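Descriptive analysis of the structure
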Amino acid sequence: MSLQSMTKRIREHPLVDVLVRNKGNPRTLVLIEPLWGIPYNLIAPFATLYMYTQGITDVQIGLITSIAMVVQVLCSFFGGILTDKMGRKYTTMMGDFFGWAVACLIWAVSQNFWLFLLAAILNSFEQINQTAWYCLLIEDADKRDLVNLYAWVSIGGLIAVFFAPLSGLFINANSVVPVLRVLYTIFSLTMVAKSLITFRFCQETRQGKIRRAETKNVSVAHMLAEYKHLIPQVLRNGGVMKAVAVSVILYIANIVSTNCFSLYVTQRLGISDEFLAVFPIVNAAVTLVFLVGVQHRLSGVRFRLPMWAGLGLQAGAALLLILTPLGNLGCVLIYVLMIAVAGALVNPRKEALIQLNIDPQERARINALIMASTIAFSAPFGYLTGWLSSIDRRLPFAFMIALYIVAIVIVGRIREPETEGEA
């Protein structure tokens, strides 16, 4: 194959084409995502162990998660209002700075329950920019490209995972705590850089300018009062409610996995700590291959069948982990492979389903309401997960299986959304 032919094939690939056609905010946000993804994925496999090594118990870890989620509800609730009044661009920058840059500095020096709690609360401010970030990403994009745009967001984070062996090597030589203190400091600096790039290269969306003008002289109290009309509107929208139900279930399942996986494989199965950096790499490699080589071939399959398949794989993976014999690294790797394929099938479609079902004119506040509701419903499960893990480290994964079964039933009742036309 000639270089010219290869270049043409790459240019015509749906994932490349979507960035060529969606210039401006979508392209910028996708390209700078590794500034968040690289340090996050270096730290994530060891974050729970970082706390546990410094004397934070399973129950305290769960309690920190639950308290932080209560704060996240408040941040999400006001996120829609701030997004409309300040604009998508500046709200995104504010959330990145306070929710990540400042929080990571606190994590870097944390050594007791209260400092870890403070860092988690500051990190909750990141929820303020989630609504704004989604609006900034998609509002000026063709809605037929939403799945591929969300796929690019996943890819941006996944590429960063290949740096994870560095943290594993450093931890093997120096132990968890000193290495993560350095990584959290680096994370803070990269998020400052990300905020500055957003300021320089992103533009406020068309809908953002409209909402900022409409809410310029409207008080925050009045905008809060308008939620009493907005909430019934969301509750009457069956498509939104079903998509949100699936999102809540997956959010809870992610809490379980994030809080329990590293402790389960190291403390119960007896797998060495250094493999915690390998699992994300395997996950990322499989997910990247799937997103680049397979995802676009499923464009005609729509939403339900891929989501059924993904949820089924996730349930099967959790069952496999429960049945894994002590010290069996092979079964843990198979679990990681299954989760990778399942995530590639489910996550982009889950996000796109919500955006395709909501009113574009009220996207910011409805997204904020959905996020606040998702976190509120999920909040008690951080503590519950820690409690279940303290009884038997297998119980949280049994709970995950039940969650995925419920999600499969709900997906069966979701109507396939229309994706024709402009966003």
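The structure we're discussing is the one just above.
Anyway, here's the lowdown on the structure attached to this text. Keep in mind that what you see is a predicted model, and the values were worked out from it rather than measured.

Here we come to the layout of surface pockets. Its boundaries defined by the atoms lining it, the second largest pocket holds a volume of some 230 Å³. Taken together, F77, I231, V234, L235, M241, V244, A245, V248, L369, I370, S373 and F377 form the lining of the second largest pocket. Sorting the residues of the lining of the second largest pocket by element identifies α13 (227-235), α14 (238-268) and α18 (363-378) as the ones contributing at least two each. For the lining of the second largest pocket, the class distribution of residues is 11 nonpolar, one polar and no charged.

Let us now look at the environment of K89. Locating K89 in the fold gives a position in helix α5 (residues 88-109). Given the relative accessible area of 9%, K89 is considered buried. Sequence spacing of K89 and D58 is 31 residues, and the spatial spacing of their C-alpha atoms is 38 Å. Discounting residues that sit within four places of it in the chain, K89 has contacts with L136, T198, F199, C202 and E204.

All right, on to empty space enclosed by the protein then. Scanning all chains against the criterion turns up two cavities of 30 Å³ or more. What the second largest cavity holds in volume is close to 60 Å³. T48, D58, I61, G62, N259, C260, L263, G382, T385, G386 and S389 together form the lining of the second largest cavity. Mapped by element, the contributors of at least two residues to the lining of the second largest cavity are α4 (58-86), α14 and α19 (380-391). Partitioning the lining of the second largest cavity into residue classes produces three nonpolar, seven polar and one charged.

We now examine the environment of S154. Mapped onto the elements of the fold, S154 is located in helix α8 (residues 146-161). For the pair S154 and T215, spaced 61 residues apart in sequence, the C-alpha to C-alpha distance is 33 Å.

Now for the packing of α14 against α19. Where α14 contacts α19, the two axes come as close as 10 Å, and the packing angle between them is 45°. One way to sum up the angle between α14 and α19 is to call them oblique. For the crossing formed where α14 meets α19, the hand is right-handed. In this structure, α14 contributes I252, I255, V256, N259 and C260 to the contact, and α19 contributes F381, G382, T385 and S389. Considering only residue class, the contact of α14 with α19 consists of five nonpolar, four polar and no charged.

Let us now look at the side chain of K89. Of the side chains with opposite charge, E204 comes closest to the buried, unpaired K89, at an N-O distance of 7.6 Å. A distance of 3.0 Å separates the side chain of K89 from the backbone oxygen of C202, its partner in a polar contact.

Here helix α6 (residues 113-124) is 12 residues long and its end C-alpha atoms lie 17 Å apart, about the 16 Å a rise of 1.5 Å per residue gives. Within α6 the residues assigned to the buried category are F113, F116, L117, A119, A120, L122, N123 and S124. Looking at the packing, one finds that the buried side of α6 touches α3 (25-53), α4, α5 and α7 (126-138).

Scanning the model with the defined rule gives 15 aromatic pairs in all. Arranged with centres 6.0 Å apart and planes meeting at 70°, the rings of W36 and W100 form a pair that is edge-to-face. Here W36 is found in helix α3, whereas its partner W100 is found in helix α5, with 64 residues between them in sequence. Judged by relative accessible area, which is 21%, W36 ranks as partly exposed. Residue class for W100 comes out buried when judged on its relative accessible area of 8%. Ring centres of F261 and Y335 lie 5.4 Å apart, and the angle between their planes is 15°; on these two criteria the pair is classed as stacked. Of this pair, F261 sits in helix α14 while Y335 sits in helix α17 (residues 329-357), and the two are 74 residues apart along the sequence. Classification of Y335 by relative accessible area gives buried; the value is 4%. Three or more aromatic residues joined by ring pairs make a cluster, and in this case those are W36, Y40, W100 and F187. Here K89 stacks its cationic end above the ring of F199, 5.0 Å away from the centre of that ring. Residue placement shows R200 over the ring face of F201; its charged tip is 4.9 Å from the ring centre.

Calculation notes
- Numbering of residues starts from 1 in each chain and follows the order in which that chain's sequence is written.
- Reporting of local features is limited, given that this is a predicted model, to residues whose pLDDT is at least 70; pairs of side-chain atoms are given and counted only at 80 or more, and all residues count toward the totals for whole chains, interfaces and linings.
- Side-chain metrics in this entry use all non-hydrogen atoms of the structure; hydrogen atoms and water are not considered.
- Definitions used throughout: a 1 Å grid over protein atoms alone; a cavity as a set of points that fits a 1.4 Å probe which cannot get out; a pocket as an open set with protein on both sides within 12 Å along at least five of seven lines; a lining residue as one with an atom within 4 Å of a point.
- Grid points are joined across faces, edges and corners, and a volume is the space filled by probe spheres set on the points.
- Put simply, DSSP H or I for four residues or longer makes a helix, DSSP E for two residues or longer makes a strand, and each gets a number counted from the N terminus.
- Any residue that is not Ala, Val, Leu, Ile, Met, Phe, Trp, Tyr, Cys, Pro, Asp, Glu, Lys or Arg is counted as polar, Gly included; the first ten are nonpolar and the last four charged.
- Type-normalised accessible area, obtained with a 1.4 Å probe on protein chains alone, sets the label of each residue: buried when under 20%, exposed when over 50%, and partly exposed for intermediate values.
- Contacts were defined at the residue level, with two residues in contact if any of their heavy atoms lie within 4.5 Å.
- Structural elements are reduced to axes, namely lines fitted to C-alpha atoms, with helices fitted over the stretch in contact, and the angle between N-to-C directions of any two is expressed from 0 to 180 degrees.
- Just so you know how the angles are binned, under 35 degrees is roughly parallel, over 145 roughly antiparallel, 65 to 115 roughly perpendicular, and the rest oblique.
- Crossing chirality is assigned from the near helix's rotation relative to the far helix, an anticlockwise turn below a right angle marking it left-handed and a clockwise turn marking it right-handed.
- Here the positive residues are Lys and Arg and the negative ones are Asp and Glu; neither His nor the chain ends is included.
- A pairing counts as a salt bridge when a side-chain nitrogen of Lys or Arg comes within 4 Å of a carboxyl oxygen of Asp or Glu.
- In protein, a polar contact means a hydrogen-donor-capable atom and an acceptor-capable atom, both N or O and within 3.5 Å, with residues adjacent in sequence counting only if both atoms are side-chain atoms; elsewhere, any N or O pair within 3.5 Å suffices.
- Residue count minus one, scaled by 1.5 Å, sets the expected span of a helix.
- Two rings from Phe, Tyr or Trp (for Trp, the six-membered ring) form a pair when their centres are within 6.5 Å of each other. A pair whose planes differ by under 30 degrees is stacked, one over 60 is edge-to-face, and the rest are tilted.
- Working rule: Lys NZ or Arg CZ, within 6 Å of ring centre, within 35 degrees of ring normal, means a charge sits over the ring.

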